[in-house]
Amino acid sequence: MNWRAIRAIYLFEMHRTWRTLMQSVLAPVLSTSLYFVVFGGAIGSRMKDVDGVPYGAFIVPGLIIMQTLTQSVSNASFGIYFPKFVGTIYEVLSAPISFIEVVLGYVGAAATKAILLGLIILVTASLFVPVRIDHPLFMLLFLVATATTFALFGFVIGIWAGNFEQLQMVPLLILTPLSFLGGSFYSLTMLPQPWRTITLFNPVVYLISAFRWSFYSLADVQIGVSLMAILIFMAICLSAAGWMFKTGYKLKT
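Residues numbered from 1 in each chain as written. Predicted model: local features only at pLDDT ≥ 70, side-chain atom pairs only at ≥ 80, totals over all residues. Heavy atoms only, no water.

## Remarks on the overall build of the chain
A count of helical and extended segments in the chain gives 11 helices and zero strands. N-terminal to C-terminal, the α/β element order of the chain is α-α-α-α-α-α-α-α-α-α-α. By its C-alpha atoms, the chain is 60 × 35 × 35 Å across when sized along the principal axes. Within the chain, the fraction of its 253 residues that count as buried is 48%. (Helix = DSSP H or I, 4+ residues; strand = E, 2+ residues; numbered from the N terminus. Buried < 20%, exposed > 50% of the residue type's maximum accessible area, 1.4 Å probe, protein only.)

Below you can see the structure in the form of structure tokens.
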């Protein structure tokens, strides 16, 4: 394992975050804070508790997951797409490093950024609403698993995308609707049939359900099922990225 190469890619991607601190960190934290002000304060004060949890606190896990998966995909997709766009990807392809080492560098940096952002949002949320964490180790596990899985997904999107429009298409048209309809602002028990069953086909439901359980021991889906869904999606993304590198799909012209 060429750790020097992994470290070089990782540090380069992390330095890009510090150069764009306003866009990478402050903007997501500010937008999430607005959710707490509107939903947690204005609307939450007029709503009943959800399974014994104040509504403002209930939406915290969902908002963290929304930002984590969004930033994971965005950072990883742009991280690999930009070298394709400027032509420096050939330096990576010709270097004596394996696919796994490239993935560890790019995906590791993207996941690290998303995890840090998720923790910052958690601290920010505690300033607005009373937050408790019943299972802190599981909370960190699900946060890392979510960030890593969707960073891999973003990595695949970055390789697939042929222009900046395609790069933004999947996050805007697919991930954002799935996040809002995945139980971020409500429990699935609030939905009538058949919508409750239909919602179970949304993969984001399992992420938010597992993460909310780590906070309040409340889950719409069994924890084992949620963890299995995350691991399966991670394996699919890793396999897709490996196939792309092996075949040179959209990496070589």
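Resuming the write-up.
## Things to note about helix H11 (residues 223-247)
Along an α-helix, residues three or four apart share an orientation, since each turn contains 3.6 residues. For H11, which comprises 25 residues, the first-to-last C-alpha distance of 36 Å matches the rise-based estimate of 36 Å (1.5 Å per residue) to within 8%. Against helix H5 (89-94), helix H6 (99-126), helix H7 (136-160) and helix H10 (203-216) lie the buried residues of H11. A positive phi of about 75 degrees marks Gly248, the residue just after H11. (Expected span 1.5 Å × (residues − 1). Contact = heavy atoms within 4.5 Å.)

## As for the packing of H7 against H10
Two numbers describe how H7 lies on H10: the axes approach to 8 Å, and their chain directions differ by 155 degrees. The angle between H7 and H10 falls in the class roughly antiparallel. Seen from above, H7 lies across H10 with left-handed handedness. Taken together, the residues of H10 that come into contact with H7 (itself represented by Phe138, Met139, Phe142, Leu143, Thr146 and Phe150) are Leu207, Ala210, Phe211, Trp213, Ser214 and Phe215. Here the contact of H7 with H10 is built from residues that sort into 10 nonpolar, two polar and no charged. (Axes fitted to C-alpha atoms, helices over the stretch in contact; angles between N-to-C directions. Parallel < 35°, antiparallel > 145°, perpendicular 65-115°, else oblique. Left-handed = near helix turned anticlockwise from the far one by under 90°. Nonpolar A, V, L, I, M, F, W, Y, C, P; charged D, E, K, R; others polar.)

## Here's the deal with unusual backbone geometry
Cis geometry is found at the peptide bond from Gln193 to Pro194, where omega equals 5 degrees. Along the chain, Pro194 falls in the loop between helix H8 (164-180) and helix H9 (195-199). Although it is not a glycine, Ser217 sits at a positive phi angle of roughly 60 degrees. Looking at the element boundaries, Ser217 is found in the loop between H10 and H11. On the accessibility criterion, Ser217 (36% relative accessible area) is partly exposed.

## Focus: the nonpolar core
In this structure, Val60, Ile64, Phe153, Phe155, Phe211 and Phe215 are the most contacted members of the largest nonpolar core, which totals 73 residues. In this structure, Phe215 is in contact with Val60, Pro61, Ile64, Leu122, Val131, Arg132, Ile133, Asp134 and Met139, ignoring residues within four places of it in sequence. (Core = buried A, V, L, I, M, F, W, Y, C linked by side-chain atoms within 4.5 Å.)

## So, the pattern of salt bridges
Tallying each qualifying case throughout the model produces one salt bridge. Of the charged contacts in the structure, one is a salt bridge between Arg132 and Asp134, with a shortest N-O distance of 3.0 Å. Judged by relative accessible area, Asp134 falls into the partly exposed class, the value being 31%. (Salt bridge = Lys/Arg side-chain N within 4 Å of Asp/Glu carboxyl O.)

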